[in-house]
Each structure stands twice: as C-alpha cells, then as structure tokens.
Amino acid sequence: MKTLHSRAARAVVVALAAGSLVLTGCSENKGGGSGKDARKDQKEAAVQSRAVVYGDAAASAGPAEEVPGARSGGTIKVYQEQGLSHLDPGQIYVSDARQLSDLIFRGLTGFQEDDRGNVSVVGDLATDAGTSSQGGRTWTYTLKEGVRDQNGAAITSADVRHTVERMYAKFVFDGPTYLQNWLSGVGYRSRLPGGGYDGKHLPDSVLETPDARTVVFHFDLPRPDLPQTLAMAGYSVVPRRTDTKEKYDKAPVATGPYRIAEYKPGKSLRLVRNEQWDPATDAIRHQYADGFDFDFGITESTQTKRLIADQGEARNAIQFTNGVEATQIQDVIGDPSVRRRTAKGYQPFVMTLTFNLDRVGNKKVRDAVTHAVNSKSLIAGEGGAYGGDVAPNLFAPTLPGYEPGYDPYGRLKAPAGDLDRARELLKDVPAAEKKLVLAYRNTEVGQKRKVAVEDALRKAGIEVVAKEIDGASFYEQIGRLDNPYDMYITGWAQDWPSPGTVVTPIYDGEQVADGNSNYSHLNDPHVQALIRKALTQEPAEAAATWREAHHYILEKVNPAAPLWYAKQFQLFGSNIGGARYGVVASYIDVRRLYLKSS
C-alpha cells in the first residue's frame, strides 16, 4: 500500500499491530530515533507480522461489538491537508482514500480487530471469509441477505462480478492488481479490454456466479491470501446499475454506514447516514455519528494548533491521515490533558528515496545518494522519534522476515549520512549525471523533506532540481512511465503480512506500467525468477527466497534508498469518543468513533 502524506504510504494497509499513518512509538523530538525507544517500538511492531485469522459465519455476523460508552448523534469534524486521491473503489490504493472507504464502502470480506490489536478477516458482504476447495485454487462466497446500496438496491453476485470485471477497464489504473493478475495473468487487461461494459464477461472457468448470492473464483494456483486481498478497499463493491465509469470517481454509491451528501474536490466533503445500511449485516463498522464533515487544505500545523487549543468545533474534530506537526510535539506530550487525546503507533511503511532507473542508470550515483541522504534530518521533520526510526533496509519491522541488523549502506552507523563515502563514489562521475530532478509534494511536510534532501545531496556534490507536485495527485504523476523526475520520496506498506505484498508490487518487472507501483521501473530477470519461485513456495520456505530477493535488490540494484520506518502520532478533540490507534488503518480507527455529547 502506498502512503500519501508524509507519514503515509501507498497500498492498502493490512498490517497487524500497533502503528501509525499507513503506521508506533514515541519519545522526545530529537530526531534519529535509533536507541532504546526504537528497539522497543520495533518489538511492539512485530505484532503486525502475525498471520491473520479467517473468521467463520458466527464471527462475520453483525452487528459489530458495541464500543463501551458509545452514543449516537452529532457530526464529527475531520481535518486534512491534501485532497483525496480517489473515491472510486477500483482506484483506491492510497492511505487517505483507504481510510475513507471504511466509512462508505463494503467488500466481500473485511478486517476486524479487537482492543488488543488482534486482527481477523471476516465476511463483510459475504457470510464468512470464504470457503476454499481444490487445494486453495477455488474459493466460494455466499452473499448475506438484506445488504443494500444507498439507493435501496440489493447487492447481488452480478454486482460482485461487475466490480471485478471493471478493474480490467483502461480507466481503472491506480488500484490493486492482485486479483486480476491471479485470475487472468499479468496481461489481464487484454483478456477483457471492455471491462464488462460491452456485454462481454470473464468465463465461468475463472469467475462464476451461478445464482444471485453465490460467487466462485477459480485460480490456476492456490491462493490462500484471497480473503485478505478481497478485504482491500480497492475491491469494495461497485453496484452495477449505478456505475458511471470515469465519473464514478467523483460520486460513488455507498454500501457502508455513510454516504456522500456533498463533495467539493480539494475543499470539502460531507458524509451523512446511509439509511439503507443495516448494522445487523455488518460485523465491522458502527454508525454512531450523524455524519462527518471534512475540511481540506488545513495544514498540519494549523490542525495541531486547533486541536491543542480544543475550542469550538475542534472539540469534535480528528486528524485523518495527517499527524501532530513536528515542532508542536513537545506542546502535546508536555501537557497531560492534551497527551491523553493522542493515538500513536508503528506504521508498516518504509519511506524511501526512489530512483527512476530509466533516468538514473549509474549505480554509483544511486549508491552515493543512498550514503549521502540524511535520515536523521528527515525524521526530525516527521517529529523525531514520534515520526519514525532510521531504516537500514527495505523491509519494515511489521513485516515477516524483517532483519533489524541488515544494513548494507551503513544507515544505522551514520544516520546523518556518510558524505565522504558519497563523494568517493562520485569522484569519476560526469557532471551531467550529478544533476538530479527531485519530485516533491506541495505540502508542509513535503517542503521539509525537499529541503532535507537538497541539503544532504548538495554537501555531497549533487545538484538537486526540485519540482513541486500536487499532494493529491503525487502518486498518479510519478506513476507515469514517462515522468520527468529522477527521484521521489515514496512510502510502501505491506498489503498483508507477507514479503510478497512488498517485493511483488514495487519491484516486479511485470508491474512496470503506467499507474502501477513499480516507481523505480526495476525490471531484472533475477528478481523476476526469485519472485516466481517464492510465490509457489510455502511461507516458511518462501521466507528464504524473499530474503534473497531483498538482499539482491538492495545491494546489486539499489532502486530505492531506505530512509525511515514510519510512525503515526495523531490528535483528536476532547469530545471524541472511541478513538484508538487502528492496527488495520494505521491511523485513528474511524469505524468506532462517536461524540461524547452533541
């Protein structure tokens, strides 16, 4: 999953543990964060690497367990700096839209978590997490009765089929591709170029809907992770009769507890109760508040000031995917009454300075940048030890197979950068190759990151040409194969606890395409072979293969300089009830919020 905000990354976070923005931990705002606190935080983050439990029909039946003390009524205010990347479920693969999807969309399955951070996959629109047969190559789902969209239309298997098939259409370019690839191969779009809109459909040998409540997926290989895949926001159901194709991205139809009443892109969003939502069918969500009012364009620093002051509407407000602004962290942790109103955790994101290999072909340059970049300075801009820890490699502490001591570029020994080593590598590099174009977001945090990268690379003898990109469209723009940038800070989080959900989407050469997440354009035959090998192995055996792939990618290719492991530290108003750090969301869990008084 990719992050959008400074402490966010791309992909659908399905990490299990305590964490923040698409990810926990905290200490004074000193920058660095590689001491005892970091080790403690990473030990806690390892909870997120536990395997997910698949729930049966009893676990999947609604309503969701009541939040202690919860009451109904009132409108929750939501502060957010950047606008939303997408509203069309098929396009959702960034943390802001994924967080919103918890309020307005439902899929066949969903993630359920308890107060101890234990996560399970349960049936959402389906009666359970799924029934597998033929060694895991066939999965069958039965839809719950009484589930309707916001217009009162029953959700049927035809809607599920449509949801899958529309992902093959060309206009759906920014969402997950796991299911499509598993059903039809890497070139899946050619198998159904019309996306089902032209009356042509996937054959029953791939996707079968024998009656209105039954959906059967047929794969050529075992797919034990399918229940987790279907729980991704990108596979939320799009009702067939109300699909408006490209226009759906601005006015989607709700199946969850809230629906969109008004949307002004980049300015505001108003959610109200979806009266067609039946809590008896939903084991995951609540509908305590009357609605949510989003204000976009409010900087992180302004959000923090308002929430610290806790006056007026701010008492009813939350931060969505932004966090406490770095320079105000001491104001938060130094006041017990304010500190009680925080949610924090380790996110499954690894933040990297990703290279466009089509433009930065000289590995010496990439290695020099990796040695020169100042993780300590970058982390200070994120909030110090509250914002992250130095990343020595590309696997997060939340991921199975994480190696805390694997540090091929000496990031832990020199978190502020090794300029001597960087200059040595650049000694014989032509001047033209030492001029690099950096793409950055036009947000407060994006500006801080740009300055930190510019300063570190300038000291190493590299000229940085910084190019500003709108925060909401950042991943869309760097996701174009012909983008004019040499490097960009990106974040990626596991889609579920498996290295395959990291290595495959961002380093698989078969994922080099417009809109896909291989932002470095890495296309290496050896990496391909290791990915194919690992995907056919049992988890224990595959772990060694993923480790080999990780080491090869980082040492022999170096498509992305590891910078920091992300944490989240968020603030909410004093009238907000039910707030906790969500293991699945890596933010405040919006599914359980209520107002103490209205």
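For clarity, every value in this text was computed on a predicted model and none was experimentally measured.

Caption draft 1: Helix 7 (residues 300–309), seen in detail. Among the residues making up helix 7, those that are buried are Glu300, Ser301, Gln303, Thr304 and Leu307. Buried residues of helix 7, viewed axially, fall in a sector of 160°; they line one side. Looking at the buried positions of helix 7, the neighbouring elements they touch are strand 2 (75–80), strand 12 (317–319), helix 13 (444–460) and strand 18 (560–571). Remark: aspartate 310 follows helix 7 within two positions and exhibits a positive phi of approximately 60°.

Caption draft 2: Focus on the pattern of salt bridges. For the coordinates displayed, the defined rule picks out 33 salt bridges. Glutamate 313 serves as the salt-bridge partner of lysine 77, at 3.9 Å between the closest nitrogen and oxygen. Taken together, the residues lysine 77 in strand 2 and glutamate 313 in the loop between helix 7 and strand 12 connect sequence positions 236 residues apart. With a relative accessible area of 39%, glutamate 313 lands in the partly exposed category. Aspartate 420 is the partner of arginine 423 in a salt bridge, and the nearest nitrogen-oxygen pair spans 3.3 Å. With arginine 423 and aspartate 420 both in helix 12 (residues 419–426), this residue pair falls three residues apart, about one helical turn. Through salt bridges that share partners, Glu113, Asp115, Arg580, Asp589, Arg591 and Arg592 make up one connected network.

Caption draft 3: Representation of the packing of helix 10 (residues 363–372) against helix 12 within the structure. Running from N to C, helix 10 and helix 12 cross one another at 165°; their axes reach a closest spacing of 8 Å. Considered as vectors, helix 10 and helix 12 are oriented roughly antiparallel to each other. Crossing hand, helix 10 versus helix 12: left-handed. Where helix 10 approaches helix 12, its residues Lys364, Val365, Asp367, Ala368, His371 and Ala372 are matched on the opposing element by Leu419, Arg421, Ala422, Leu425 and Leu426. Split into classes, the residues belonging to the contact of helix 10 with helix 12 amount to seven nonpolar, one polar and three charged.

Caption draft 4: Structural context of the sheet that holds strand 8 (residues 214–218). With respect to topology, four strands assemble into an open sheet ordered 5-6-8-7, the strand pairing being antiparallel. Since the sheet does not close on itself, it has two edges, and those belong to strand 5 (131–133) and strand 7 (207–211), each with one partner. Going from strand to strand, the sheet's axes swing by 20° on average, the running direction of each strand aside. Relative to strand 8, strand 6 (residues 138–142) runs antiparallel, the two sharing five bridges. Across the sheet, residue threonine 140 finds its bridge partner in strand 8, namely valine 216. Docked against the sheet, helix 4 (residues 157–166) engages strand 7 and strand 8, running at close to 165° with respect to strand 7.

Caption draft 5: Structural context of the pairing of strand 17 (residues 487–493). Counting buried positions along strand 17 yields seven of seven residues, so the element is predominantly enclosed. Note that strand 13 (residues 342–355) and strand 17 share seven bridges and pair antiparallel. Within the sheet, the bridge partner assigned to valine 350 lies in strand 17 and is tryptophan 492. In terms of strand pairing, strand 15 (residues 435–441) meets strand 17 through two bridges, oriented parallel. The residue bridging alanine 439 from the neighbouring strand is tyrosine 488, located in strand 17.

Caption draft 6: Molecular detail of the environment of glutamine 568. Within the secondary structure layout, glutamine 568 lies in strand 18. Here glutamine 568 falls in the buried class, since its relative accessible area comes to 0%. Each C-alpha atom of the pair glutamine 568 and glutamine 347 lies 6.6 Å from the other, and the pair is 221 residues apart in sequence. In terms of polar contacts, glutamine 568 uses its side chain to reach the backbone carbonyl oxygen of threonine 321, at 3.5 Å.

Caption draft 7: Spatial organisation of the sheet that holds strand 1 (residues 53–54). Taken in spatial order, the three strands make up an open sheet running 1-4-3, and their pairing is mixed. Only two strands of the sheet have a single neighbouring strand rather than two, namely strand 1 and strand 3 (109–113). Pairing between strand 3 and strand 4 (residues 119–123): five bridges, direction antiparallel. What sits directly across from threonine 109, in strand 4, is glycine 123.

Caption draft 8: Representation of helix 16 (residues 525–535) in the model. Those residues of helix 16 not exposed but buried are Val527, Gln528, Leu530, Ile531 and Ala534. Viewed along the axis of helix 16, the buried residues span an arc of 165°, placing them on a single side of the element. Buried residues belonging to helix 16 abut helix 15 (500–507) and helix 17 (539–557).

Caption draft 9: Representation of the nonpolar core within the structure. By size, the foremost hydrophobic cluster in this structure holds 87 residues, and its most contacted members are Leu179, Phe217, Leu226 and Leu353. Excluding anything up to four places from it in sequence, leucine 179 contacts Val164, Phe217, Phe219, Leu226, Thr229, Leu230 and Tyr235. Within the second largest apolar cluster, 31 residues are counted, among which are Leu87, Ile104, Phe294 and Phe572.

Caption draft 10: How the structure looks around the confidence of the model for the chain. With 91% of its residues at a pLDDT of 70 or more, the chain has an overall mean of 90. Overall, residues 4–36 carries pLDDT values under 50, and its contacts beyond four positions in sequence, including any with other chains, amount to 231 contacts.

Caption draft 11: A look at unusual backbone geometry. Between glycine 62 and proline 63 the backbone carries a cis peptide bond, its omega angle lying at 0°. Tracing the backbone through its elements, the reader meets proline 63 in the loop between helix 2 (57–60) and strand 2. With a phi close to 65°, histidine 521 is a non-glycine residue in the positive phi region. Position of histidine 521 relative to the elements: it lies in the loop between helix 15 and helix 16. Classification of histidine 521 by relative accessible area gives buried; the value is 6%. One non-glycine residue, serine 586, lies in positive phi territory at about 65°.

Caption draft 12: The side chain of lysine 144, seen in detail. Within the secondary structure, lysine 144 is located in the loop between strand 6 and helix 4. No salt bridge is formed by the buried lysine 144; the nearest opposite charge belongs to aspartate 124, separated by 5.2 Å. Engagement of the side chain of lysine 144 in a polar contact is seen with the backbone oxygen of aspartate 124, the distance being 2.9 Å. At 2.7 Å, the side chain of lysine 144 and the backbone oxygen of threonine 281 are in polar contact. Lysine 144 has contacts with Ser60, Arg106, Gly123, Asp124, Leu125, Ala126, Thr127, Arg213 and Thr281, leaving out every residue within four places of it along the chain.

Rules and cut-offs
Residues numbered from 1 in each chain as written. Predicted model: local features only at pLDDT ≥ 70, side-chain atom pairs only at ≥ 80, totals over all residues. Heavy atoms only, no water. Buried < 20%, exposed > 50% of the residue type's maximum accessible area, 1.4 Å probe, protein only. Helix = DSSP H or I, 4+ residues; strand = E, 2+ residues; numbered from the N terminus. Arc of directions from axis to C-beta. Contact = heavy atoms within 4.5 Å. Salt bridge = Lys/Arg side-chain N within 4 Å of Asp/Glu carboxyl O. Axes fitted to C-alpha atoms, helices over the stretch in contact; angles between N-to-C directions. Parallel < 35°, antiparallel > 145°, perpendicular 65-115°, else oblique. Left-handed = near helix turned anticlockwise from the far one by under 90°. Nonpolar A, V, L, I, M, F, W, Y, C, P; charged D, E, K, R; others polar. Pairing = 2+ DSSP bridges. Polar contact = N/O pair within 3.5 Å; in protein donor to acceptor, adjacent residues only side chain to side chain. Core = buried A, V, L, I, M, F, W, Y, C linked by side-chain atoms within 4.5 Å. pLDDT = per-residue confidence, 0-100. Lys, Arg positive; Asp, Glu negative; His and termini not counted.

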